[in-house]
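In case you want the letters, here they are:
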Amino acid sequence: MAEKTRYSDEELQEFKEIILKKLNKAKKDYELLRNTITHQDGNDTQDTSPTFKVLEEGAAVLSKEEAGKLAQRQQKFIQHLSAALVRIENKTYGVCRVSGKLIPKERLQAVPHATLSVEAKQGQK
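What you see is a predicted model, and the numbers here were worked out from it, not measured in a lab.

(A) Region of the structure containing the UniProt feature "zinc finger region: dksA C4-type" (unreviewed entry) in the protein chain. In the numbering adopted here, UniProt assigns the feature "zinc finger region: dksA C4-type" (unreviewed entry) to residues 96–120. Across residues 96–120, the secondary structure splits into 36% helix and 0% strand, with the terminal C-alpha atoms separated by 8 Å.

(B) Spotlight on the side chain of R87. In this fold, R87 is placed in helix α2 (residues 54–89). Summary of buried charges: R87 has no salt-bridge partner, and the nearest side chain of opposite charge, E89, is 12 Å away. Among the polar contacts made by the side chain of R87, one reaches the main-chain carbonyl oxygen of H113 at a distance of 3.3 Å. Residues contacting R87, with those up to four places away along its chain left out, are T92, Y93, H113, A114 and T115.

(C) Structural detail: the nonpolar core. Formed by 23 residues in total, the largest nonpolar core has its most connected members in Y7, F15, I19, I88, Y93 and L108. Secondary-structure elements contributing two or more residues to this core are α1 (9–38) and α2. Sequence-distant contacts of I88, defined by excluding residues within four places in its chain, comprise L12, F15, K16, I19 and Y93.

(D) Layout of the environment of T5. Tracing the sequence through the fold places T5 in the segment before α1. As a C-alpha pair, T5 and L102 span 97 residues in sequence and 6.3 Å in three-dimensional space. Sequence-distant contacts of T5, defined by excluding residues within four places in its chain, comprise V95 and L102.

Rules of the game
- Residues numbered from 1 in each chain as written.
- Predicted model: local features only at pLDDT ≥ 70, side-chain atom pairs only at ≥ 80, totals over all residues.
- Heavy atoms only, no water.
- UniProt positions renumbered as here; feature names shortened; annotations may be inferred.
- Helix = DSSP H or I, 4+ residues; strand = E, 2+ residues; numbered from the N terminus.
- Buried < 20%, exposed > 50% of the residue type's maximum accessible area, 1.4 Å probe, protein only.
- Lys, Arg positive; Asp, Glu negative; His and termini not counted.
- Salt bridge = Lys/Arg side-chain N within 4 Å of Asp/Glu carboxyl O.
- Polar contact = N/O pair within 3.5 Å; in protein donor to acceptor, adjacent residues only side chain to side chain.
- Contact = heavy atoms within 4.5 Å.
- Core = buried A, V, L, I, M, F, W, Y, C linked by side-chain atoms within 4.5 Å.

If you want it as structure tokens, here you go:
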């Protein structure tokens, strides 16, 4: 029996559903982080009231920086998931970009935006 070179349309549809769920959650999480950074979710005087508590202000800045980093990572994750959807439409999803072999289903279910098999990923180190 010949080795499979791509996933079937039914399998691709399964992956698409997984990716769409993750994409929706990632977009919601990104919006929450963005609102935290820009204070769009608050209706207080945080930006206008004078504060003399230097430590609290420092903690707030650090918290904003952390939220910014998390938002950046989330945005990158969204881009990877969107690229995976394009690969599904092109029917190239699940093919390792190094070896050209199919990435195991279990790996794609855990990391649906993966473009490398575990072996290829470990070979990069």
